[in-house]
Amino acid sequence: SAVISQKPSRDICQRGTSLTIQCQVDSQVTMMFWYRQQPGQSLTLIATANQGSEATYESGFVIDKFPISRPNLTFSTLTVSNMSPEDSSIYLCSVGFARAYEQYFGPGTRLTVT
Amino acid sequence: QKEVEQDPGPLSVPEGAIVSLNCTYSNSAFQYFMWYRQYSRKGPELLMYTYSSGNKEDGRFTAQVDKSSKYISLFIRDSQPSDSATYLCAMSGGGNRDDKIIFGKGTRLHILP
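S.K.: What's the story with the interface of chain B and chain A in this structure? I'm lost.
M.R.: Where the parts come together, the accessible area they lose is often given as the size of the interface. Between chain B and chain A, the contact holds 23 residues from the first and 24 residues from the second. Roughly 1900 Å² is buried in total at the junction of chain B and chain A, and carbon and sulfur atoms are behind 55% of that figure. Summed over the shared surface of chain B and chain A, the result is one salt bridge. Taking the shortest distance from any N to any O, the salt bridge between B:Lys100 and A:Glu58 comes out at 2.9 Å. At the boundary of chain B with chain A, the tally comes to three residue pairs in polar contact (both at pLDDT 80 or more).

S.K.: Help me understand the pairing of strand β11 (residues 107–112) of chain B in this model?
M.R.: Consecutive residues of a regular strand have side chains that alternate between opposite faces of the sheet. Residue and element names in this part refer to chain B. Along β11, the buried face is formed by Thr107, Leu109 and Ile111; none of Arg108, His110 and Leu112, which line the opposite face, is buried. Taken together, the four bridges between strand β2 (residues 11–14) and β11 define a ladder with parallel strand orientation. Residue pairing across strands places Ser12 opposite His110, the latter belonging to β11. The pairing of strand β9 (residues 85–92) with β11 spans three bridges and is antiparallel. From the neighbouring strand, Ala85 faces β11, where its bridge partner is Leu109.

S.K.: Just to check I follow, could you spell out the environment of B:Lys100 for this structure?
M.R.: In this fold, B:Lys100 is placed in the loop between β9 and β10 (101–103). Of the residues examined, B:Lys100 reaches a relative accessible area of 42% and is grouped as partly exposed. It is 15 Å that separates the C-alpha atoms of B:Lys100 and B:Leu46, two residues lying 54 residues apart in sequence. Every residue in contact with B:Lys100, bar those within four places of it in the chain, is listed here: A:Leu45, A:Glu58, B:Met91, B:Ser92 and B:Gly93.

S.K.: Sorry, what's going on with the environment of B:Pro44 here?
M.R.: Positionally, B:Pro44 belongs in the loop between β4 (32–38) and β5 (45–51). A residue is classified by how much of its surface remains accessible, and B:Pro44, at 3% relative accessible area, is buried. Separated by 35 residues in the primary sequence, B:Pro44 and B:Ser79 place their C-alpha atoms 19 Å from one another. Excluding anything up to four places from it in sequence, B:Pro44 contacts A:Leu43, A:Leu92, A:Phe105, B:Tyr36, B:Arg37, B:Gln38 and B:Leu88.

S.K.: Even after reading the chapter, I still don't get the sheet that holds strand β7 (residues 68–72) of chain A, so can you show me in this structure?
M.R.: Pairing between the strands of a sheet comes from backbone hydrogen bonds, and it takes one of two forms, parallel or antiparallel. All names here are of chain A. Reading across from one edge, β1-β3-β8-β7 is the order of the four strands in this open sheet, with antiparallel pairing throughout. Since the sheet does not close on itself, it has two edges, and those belong to β1 (4–7) and β7, each with one partner. Going across the sheet, the axis of each strand differs from the next one's by a mean of 15°, ignoring polarity. As paired elements, β7 and strand β8 (residues 75–80) share three bridges and run antiparallel to each other. Looking at β8, one finds that Ser69 is bridged to Thr77.

S.K.: Help me understand the state of the cysteines in this model?
M.R.: Enumeration according to the criterion identifies two disulfides over all chains in this entry. Linked covalently through their sulfurs, A:Cys23 and A:Cys93 form a disulfide whose S-S length is 2.0 Å. Between A:Cys23 and A:Cys93 the sulfur-sulfur dihedral comes to about 70°; the bridge is accordingly right-handed. With a gap of 70 residues between them, A:Cys23 in strand β3 (residues 19–25) and A:Cys93 in strand β9 (residues 89–96) connect regions that are remote in the sequence. The class of A:Cys93 is buried, set by a relative accessible area of 0%. The disulfide bridge from B:Cys23 ends at B:Cys89, spanning 2.0 Å between sulfur atoms. Between B:Cys23 and B:Cys89, the S-S dihedral sits near -100°, and the bridge is therefore left-handed. Of this pair, B:Cys23 sits in strand β3 (residues 19–25) while B:Cys89 sits in strand β9; the two residues are 66 residues apart in sequence, bridging distant segments of the chain. When sorted by exposure, B:Cys23 lands in the same class as B:Cys89, which is buried.

Criteria and cut-off values
- Residues numbered from 1 in each chain as written.
- Chains lettered and ligands numbered in written order.
- Predicted model: local features only at pLDDT ≥ 70, side-chain atom pairs only at ≥ 80, totals over all residues.
- Heavy atoms only, no water.
- Contact = heavy atoms within 4.5 Å.
- Buried area = accessible area lost by both parts, 1.4 Å probe.
- Salt bridge = Lys/Arg side-chain N within 4 Å of Asp/Glu carboxyl O.
- Polar contact = N/O pair within 3.5 Å; in protein donor to acceptor, adjacent residues only side chain to side chain.
- Buried < 20%, exposed > 50% of the residue type's maximum accessible area, 1.4 Å probe, protein only.
- Helix = DSSP H or I, 4+ residues; strand = E, 2+ residues; numbered from the N terminus.
- Pairing = 2+ DSSP bridges.
- Axes fitted to C-alpha atoms, helices over the stretch in contact; angles between N-to-C directions.
- Disulfide = S-S within 2.5 Å.

Below is the structure:
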């Protein structure tokens with residue numbers, strides 16, 4: 001298992017601004033993921049954060065809107081750029097181990113855009 | 001048709017009752033079936049996983065998979081107020097770490113003392 005922390009836990013931001021969310025893991029992990037959880041919607045994968053290379057984005061998500069950094073095996077950041085009210089959501093990072101079903105999630109960042 | 005369908009609830013049951021939570025899916029390629037529990041203002045935590053069809057039991061929790069019907073269930077026996085949470089079903093086509101997981105919307109469960 002892994003202990004995952006996220007900062008900030010919540011934030012209220014103005015339209016047009018950007019927010020960077022940090023994810024810290026207590027051990028080195030190969031796979032790190034960023035998800036979005038909107039009210040009434042499924043947990044949706046935004047991208048896989050790859051250490052030492054560009055993130056792999058899912059359909060509907062682009063690097064200009066959600067730039068991701070992964071400088072080492074214990075840390076990643078997700079930036080939500082040029083925010084609009086539609087970006088209001090919970091953003092979660094997770095880490096994966098040997099098997100796809102073995103994912104551990106951080107507590108999430110609750111973002112409200114006004 | 002969405003890949004994974006899950007009734008969002010809320011589902012309210014009295015303490016001690018047996019709870020049944022269900023999901024249906026459309027992709028026959030799914031082989032791994034998971035249940036995550038998410039408490040309010042927390043991230044999801046893996047509760048159980050099952051490979052292919054069959055049953056798996058862990059304490060008060062039983063997961064069932066019927067691949068012929070594309071239907072999975074989670075049963076909670078002797079439900080407790082601490083079981084009140086949102087339960088998300090999830091599925092994956094393969095067991096490799098880079099296989100994508102598809103989640104249901106989650107069912108909110110309230111256990112009434």
